[in-house]
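The primary structure of each chain is shown beneath.
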Amino acid sequence: MMKQPMRVMLGMVSLALAGVVLAAPSVQGPSGPIRFAEGRYELGRRTRALERAWMQCRDPERRAAAIPRVQAAVLGFFSGNTGAVAQVLDETAAALGNQPLEAADRWAMSLSVTPARALLDLRETACEVVINTLYEVTAPRPELVLQLRVGRQTTNVRLSPQAALPHRVRVACEPARQEADTSLDIVVGTPDAPARRSWRVGLSRARDLDRRLAALQTATAELTKTPPPDALDVDMATLSSRLAMLKSMRESAPAETDVPGVRLLQDTEAMAQQLRAKPAASTLAGRQGELFLSVPTAKGPLPVRALAVPEAPVVVVAFHGAGGSENMFFDSYGDGEIVRLCRARRWALICPRVTSPLDDYSPVIERLPALVAPRATRLFIVGHSLGAATTLAVAARYADRLAGIAPISGRALGSLSALKAVPAFVSAGTKDFSRPGSEQLAERLRAQGTPTTFKLYEAEHLLVVPDALPDIFAWMDALVRGQNRS
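Since we're looking at a predicted model, the values are computed, not measured.

1. Quick look at the pattern of salt bridges
Any two side chains of opposite charge can pair, so long as their charged atoms come close to each other.
Here is step 1: Enumeration according to the criterion identifies 42 salt bridges in this entry.
Here is step 2: Where Glu 42 meets Arg 45, a salt bridge forms, and the shortest distance between an N and an O atom there is 2.8 Å. Here Arg 45 and Glu 42 lie together in helix H2 (residues 40-56), a separation of three residues that amounts to about one turn. Like Arg 45, Glu 42 is buried.

2. Side note on the sheet that holds strand E15 (residues 378-384)
Here is step 1: Strands sit in the order E11-E12-E14-E13-E15-E16-E17-E18 across an open sheet of eight strands; the sheet is mixed. Of all the strands in the sheet, just strand E11 (289-295) and strand E18 (452-457) have a single pairing partner and so form its edges. If you compare each strand with its neighbour and ignore which way they point, the axes differ by 15° on average.
Here is step 2: Examined bridge by bridge, strand E13 (residues 314-319) and E15 share six bridges and lie parallel to one another. Of the residues in E15, the one forming a bridge with Val 317 is Ile 381.

3. With respect to the packing of aromatic side chains
Here is step 1: Counted under the stated rule, the structure contains six aromatic pairs.
Here is step 2: Taking 6.4 Å as the distance between ring centres and 15° as the angle between the ring planes, the aromatic pair formed by Trp 347 and Phe 380 counts as stacked. In this pair, Trp 347 sits in the loop between helix H10 (333-345) and strand E14 (348-352) while Phe 380 sits in strand E15, placing the two residues 33 residues apart along the sequence. Neither residue differs from the other here; Trp 347 and Phe 380 are each classed as buried.
Here is step 3: Put simply, the rings of Trp 347, Phe 380, Phe 425, Phe 473 and Trp 475 pair up and form one aromatic cluster.
Here is step 4: Between the NZ or CZ atom of Arg 45 and the centre of the ring of Trp 199, over which it lies, the distance is 4.2 Å.
Here is step 5: The positively charged end of Arg 63 is found above the aromatic ring belonging to Trp 54, 4.0 Å away from the centroid.

4. With respect to helix H3 (residues 60-78)
Here is step 1: The terminal C-alpha atoms of H3 lie 28 Å apart, and with 19 residues this matches the ideal 27 Å at 1.5 Å per residue to within 8%.
Here is step 2: Its maximal kink placed at Ile 67, H3 deviates by approximately 25°, while the proline Pro 68 follows within four residues.
Here is step 3: Within H3, burial applies to Arg 63, Ala 66, Ile 67, Val 70, Ala 73, Val 74, Gly 76 and Phe 77.
Here is step 4: The elements touched by buried residues of H3 are H2, helix H4 (82-96) and helix H15 (464-480).
Here is step 5: Between a side-chain oxygen at the N-terminus of H3 and the backbone nitrogen of Glu 61 the separation is 2.9 Å; the capping residue is Asp 59.

5. Structural notes on the nonpolar core
Here is step 1: Counting 143 residues, the largest nonpolar core has Leu 146, Leu 148, Val 316, Leu 349 and Ile 472 as its most contacted members.
Here is step 2: Per-element tally for this core: the top contributor is H15, with nine residues.
Here is step 3: Beyond its immediate chain neighbours, meaning those up to four positions away, Leu 349 contacts Arg 305, Ala 306, Leu 307, Val 316, Ala 318, Phe 330, Ile 338, Val 339 and Cys 342.

6. Remarks on the sheet that holds strand E3 (residues 111-115)
Here is step 1: Taken together, the three strands give an open sheet; going across it, the order is E3-E5-E8, and neighbouring strands pair in antiparallel fashion. Across the chains shown, the open sheet's two edge strands, defined by having one partner strand only, are E3 and strand E8 (167-172). Averaged over neighbouring strand pairs, the angle between their axes works out to 30° when direction is ignored.
Here is step 2: Its contacts with the sheet place helix H5 (residues 103-110) against E3 and strand E5 (126-133), and it is angled at close to 35° to E3.

7. Some points on the environment of Thr 453
Here is step 1: Along the chain, the position of Thr 453 falls in strand E18.
Here is step 2: A C-alpha to C-alpha distance of 52 Å links Thr 453 and Leu 165, two positions 288 residues apart in sequence.

8. Some thoughts on the confidence of the model for the protein chain
Here is step 1: On average, residues of the protein chain carry a pLDDT of 90, and 91% of them reach 70 or more.
Here is step 2: Here residues 1-37 is a poorly scored stretch, pLDDT under 50, and it has 135 contacts once near neighbours within four places are set aside; other chains count.

9. What to know about the packing of H2 against H4
The description of two packed helices rests on the angle between their axes and on the distance between the axes.
Here is step 1: Running from amino to carboxyl end, H2 crosses H4 at an angle of 25°, the nearest separation of the two axes being 9 Å. The pairing of H2 with H4 is recorded here as roughly parallel in orientation. Crossing of H2 against H4: the hand is left-handed. Contact residues: Leu 43, Arg 46, Thr 47, Ala 49, Leu 50, Ala 53 and Trp 54 in H2; Thr 82, Val 85, Ala 86, Leu 89, Asp 90, Thr 92, Ala 93 and Leu 96 in H4.
Here is step 2: Residues belonging to the contact of H2 with H4 are distributed by class as follows: 10 nonpolar, three polar and two charged.

10. Overview of the state of the cysteines
Here is step 1: If you walk through the whole model with that rule in mind, you get zero disulfides.
Here is step 2: The thiol of Cys 127 is unpaired, and the distance to the nearest cysteine sulfur, on Cys 173, comes to 5.3 Å.
Here is step 3: Residue class for Cys 127 comes out buried when judged on its relative accessible area of 1%.
Here is step 4: Cysteine Cys 351 is unpaired, with the sulfur of Cys 342 as its nearest cysteine sulfur at 8.0 Å.
Here is step 5: For Cys 351, a relative accessible area of 1% puts it in the buried group.

Rules and cut-offs
- Residues numbered from 1 in each chain as written.
- Predicted model: local features only at pLDDT ≥ 70, side-chain atom pairs only at ≥ 80, totals over all residues.
- Heavy atoms only, no water.
- Salt bridge = Lys/Arg side-chain N within 4 Å of Asp/Glu carboxyl O.
- Helix = DSSP H or I, 4+ residues; strand = E, 2+ residues; numbered from the N terminus.
- Buried < 20%, exposed > 50% of the residue type's maximum accessible area, 1.4 Å probe, protein only.
- Pairing = 2+ DSSP bridges.
- Axes fitted to C-alpha atoms, helices over the stretch in contact; angles between N-to-C directions.
- Phe/Tyr/Trp six-rings, centres within 6.5 Å; stacked < 30°, edge-to-face > 60°.
- Lys NZ or Arg CZ within 6 Å of the ring centre and 35° of its normal.
- Expected span 1.5 Å × (residues − 1).
- Bend = angle between axes of the 7 residues up to and from the residue.
- Contact = heavy atoms within 4.5 Å.
- Polar contact = N/O pair within 3.5 Å; in protein donor to acceptor, adjacent residues only side chain to side chain.
- Core = buried A, V, L, I, M, F, W, Y, C linked by side-chain atoms within 4.5 Å.
- pLDDT = per-residue confidence, 0-100.
- Parallel < 35°, antiparallel > 145°, perpendicular 65-115°, else oblique.
- Left-handed = near helix turned anticlockwise from the far one by under 90°.
- Nonpolar A, V, L, I, M, F, W, Y, C, P; charged D, E, K, R; others polar.
- Disulfide = S-S within 2.5 Å.

Spelled out as structure tokens, the structure:
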């Protein structure tokens, strides 16, 4: 599974929330305010660390103390302030883990260490790495020692308190014969304690990379010259989007999350070769494992990330919240909790990108289940925040196909009459700004006779998701067994 979450911190944007967000202070970085677009990848990494700490913490007092901190991070996210969000996430994760922080820890936590390019040619003997800091640390800053390793090759970097950032360094890459999806391993410490913090960033190394990308570009241009037949329109949209992803990885740093570039390149080359043979059916049918897809819609290609399980009896569609992407449920929301829950049951998972409940998600419901799980007989929808509103909108259109819906931290904006016979699991956090809307949603569903389960969790708007998902899947299990819970 990809290791870093793509877009993090979600919520249903309302006028009231927007007013609070606009008033959120700006945190100064070393060179002025740091904005969201400059640190998406780092926010993802930090959110995942926070979620792990939250899920591992069993101390009610530490959890309760973390909730207002995370609420502040959500507000910082909506104001687009990377520095403010990153600092709160770092300090909250440490507090949940009951970790005391010294000055060196605080400075080490503020760092971002990112390869300038996420996809390298196997012949390249060094990787350029950019060292920066996401927020200003006011405490004394001792000298830091960084160990940057690709394979078994380690490059040591000393960072003085007066170091000019960003700082670029060339990190030696271990000679290798086999292309692989690997990582840049980072260990940060001080001369007397060389391993205070450690993490890794995905890095892919492919053989004869530029020639293969050029060949794939040519093949894609040829294959997309004319409109594809209906049976292959998802294939063609996927081919084009994957080429764009690979080119971006070759030219720039990880944008939002770790992507297995070598596996993606190999699979896309095989896909292009199959499409050149003009198959009658989709080349995506029968695939196993995680897939990066795109489906055509009236507004253009819609990115989707899926877990394909050909023999799966159940398909789960998951709609993320505002500011997220198709990777959110895979890489965040409890460090990929929904993926673990689906894998444990051998269920398939489909996660499209969400921008509005009013967008066209018909291909997600009508086309993709047959590709990722052709034997499935049940379809569930899960959604968080903006994704909860999307869940209700999509469910109203496809109620006769659904085994159940699970809107988390959402509210109903229109009629629910089409959902009268669709079992629902509604949930929210006790300190969740969406709690009133979720309570009203559950009441309206029950009033019209919809089999409805409602549950609150001691959490806020973001961390309610990993807390609720295990119960949601237990509820799905009961429905699959024919036990209707209400």
